[in-house]
Amino acid sequence: MSQSLASHAPNSTTLPGAIPLGAVAPWAIFGLLLSLVLIYFVGAEQGATSLISGHMVHEFVHDGRHLMGFPCH
Amino acid sequence: MTGRLLARGLIAGLVAACLAFLFGRLFGEPSIAHAISFEEARDALAGEPPEPELVSRTVQSTWGLLTAIVMLGAAYGGLFSLGFSLAYGRIARLTPRATALLVAAIGFVVLVLVPDLKYPPNPPAVGNPDTIGLRTEVYFEIILISICCAVIACLASRPLIQKLGTWNGTIIAGVLFIALVSGMQFTLPDISEVPDTFPATVLWRFREASIGTQMLLWSSMALIFGPMAEKVLCAPQRSSSHARTLG
């Protein structure tokens with residue numbers, strides 16, 4: 001069935017279907033973690049909470065944090 | 001499939017971030033510079049010593065700004081490509097390019113516009129350092145509320161569209177999202193810490209530039225990602241037709 005769909009493509013304008021949820025899930029976890037870490041360091045580190053001591057991270061991304069709408073100082 | 005889309009989302013986010021950086025550097029930095037002079041003048045009047053400069057203003061407004069926007073661009077690009085992977089073929093029968101635009105528009109409203117309406121972006125000198133804990137907390141809470149309301153509206157949209165048709169069902173789902181967000185935002189406190197003497201035009205210009213930078217980031221991300229996603233999703237069809245023409 002799937003073979004005949006793939007080889008003949010009865011309607012050439014048919015778009016490929018949705019990606020199964022099970023195939024998205026592992027990548028979703030990986031991408032979500034990666035994105036949250038990045039957002040945390042630009043948006044909140046050395047402001048409300050601090051993993052690295054000092055103010056260097058906050059000072060370096062200072063303008064971006066303001067301009068991208070995150071709370072600062 | 002999702003992995004390849006995720007990689008393209010990251011690339012689209014990085015390229016879009018470079019454009020957003022140029023926009024922010026041109027239109028955002030002047031207001032930030034004004035706000036910092038205001039802050040310095042206010043501190044000098046109060047007789048406070050100037051704050052030590054750990055990172056020079058030049059570095060903050062160039063490499064610092066670029067780094068921050070590029071990191072966020074990659075993050076939003078990743079989230080956007082995952083949203084795309086889930087939405088494609090489910091939200092509507094749209095082409096990959098049109099799906100990309102729709103997902104980015106929803107992402108912009110949910111992750112940028114709604115949080116910014118409740119807690120507008122502020123330039124330096126606006127904001128009490130003592131309340132940074134509360135402000136950070138409620139900012140991420142409004143984002144979470146916005147995401148939850150969007151998920152509810154998306155789930156409700158399917159039966160609504162089946163009952164009322166695409167046009168009316170979509171409108172009702174949109175109204176549902178607005179109603180939910182408008183109601184839920186009352187559970188969070190309002191914060192207004194703009195100093196009385198802070199120039200209104202600087203505040204307005206800064207907020208315009210902030211929303212503009214983010215709008216440019218999301219829209220260009222979608223336009224860059226769309227054709228790349230189309231290549232990934234339609235690749236098997238293309239290669240088979242290619243083989244057939246060769247054969």
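Residues numbered from 1 in each chain as written. Chains lettered and ligands numbered in written order. Predicted model: local features only at pLDDT ≥ 70, side-chain atom pairs only at ≥ 80, totals over all residues.

- As named in an unreviewed UniProt entry, chain B is CbtA family protein, taken from Acetobacter estunensis.

- Taking an unreviewed UniProt entry as the reference, chain A is identified by name as CbtB-domain containing protein belonging to Acetobacter estunensis.

## Section: the domain arrangement of chain B
All names here are of chain B.
Reasoning step 1: Per the domain assignment, the segments making up chain B are domain 1 (1-126 + 198-237) and domain 2 (128-193).
Reasoning step 2: Look at where the C-alpha atoms of domain 1 and domain 2 centre, and you get two points 20 Å apart.
Reasoning step 3: Taken together, the 8 residues of domain 1 in the interface contact 12 residues of domain 2.
Reasoning step 4: Of the residues contributing to the side of domain 1 that touches domain 2, the split by class is 7 nonpolar, no polar and 1 charged. (Domains from an automatic or database assignment. Contact = placed C-beta atoms within 7 Å. Nonpolar A, V, L, I, M, F, W, Y, C, P; charged D, E, K, R; others polar.)

## Re the nonpolar core
Reasoning step 1: Membership of the largest hydrophobic core comes to 71 residues, with the highest contact counts inside it found for Ile69(B), Met71(B), Leu72(B) and Met221(B).
Reasoning step 2: For this core, the secondary-structure elements that each account for two or more residues are α2 (21-43) of chain A together with α1 (2-45), α2 (57-87), α3 (96-118), α4 (132-164), α5 (166-184) and α6 (200-246) of chain B.
Reasoning step 3: Viewed by domain, this core spans two of them, domain 1 (1-126 + 198-237) and domain 2 (128-193) of chain B, each represented by three or more residues.
Reasoning step 4: Discounting residues that sit within four places of it in the chain, Ile69(B) has contacts with Gly64(A), Met68(A), Ala17(B), Ala20(B), Phe21(B) and Gly24(B). (Core = buried A, V, L, I, M, F, W, Y, C linked by C-beta atoms within 7 Å. Buried ≥ 20, exposed ≤ 12 C-beta atoms within 10 Å, placed from the backbone. Helix = DSSP H or I, 4+ residues; strand = E, 2+ residues; numbered from the N terminus.)

## Remarks on the packing of α2(B) against α3(B)
All names here are of chain B.
Reasoning step 1: Relative to each other, α2 and α3 sit at 125°, their axes nearing to 9 Å. Taken together, α2 and α3 sit at an angle that is classed as oblique. Here α2 runs over α3; the crossing is right-handed. Contact residues: α2 offers Phe-80, Gly-83, Phe-84 and Ala-87, while α3 offers Thr-99, Ala-100, Val-103, Ala-104 and Gly-107.
Reasoning step 2: Of the residues belonging to the contact of α2 with α3, the class tally is 6 nonpolar, 3 polar and no charged. (Axes fitted to C-alpha atoms, helices over the stretch in contact; angles between N-to-C directions. Parallel < 35°, antiparallel > 145°, perpendicular 65-115°, else oblique. Left-handed = near helix turned anticlockwise from the far one by under 90°.)

## Observations concerning α2(A)
Reasoning step 1: The principal kink in α2(A), of about 30°, is found at Trp27(A).
Reasoning step 2: Among the residues making up α2(A), those that are buried are Val24(A), Trp27(A), Gly31(A), Ser35(A), Leu38(A), Ile39(A), Phe41(A), Val42(A) and Gly43(A). (Bend = angle between axes of the 7 residues up to and from the residue.)

## Quick notes on the interface of chain B and chain A
Reasoning step 1: In this complex, chain B contributes 51 residues to the contact, which on the side of chain A involves 37 residues.
Reasoning step 2: Taken together, the elements giving at least two residues each to the side of chain B that touches chain A come down to α1, α2, α3, α4 and α6 of chain B.

## With respect to the confidence of the model for chain B
Residue and element names in this part refer to chain B.
Reasoning step 1: On average, chain B scores 92 in pLDDT, and the residues at 70 or more come to 95%.
Reasoning step 2: Of all helices and strands in chain B, the one with the weakest mean pLDDT is α6 (84), whereas α5 scores best (97).
Reasoning step 3: For residues 238-247, every residue scores under 50 in pLDDT, and the model assigns this stretch 0 contacts once sequence neighbours within four places are set aside.
Reasoning step 4: For this predicted complex, the interface score ipTM comes out at 0.88, alongside a pTM of 0.89. (pLDDT = per-residue confidence, 0-100.)

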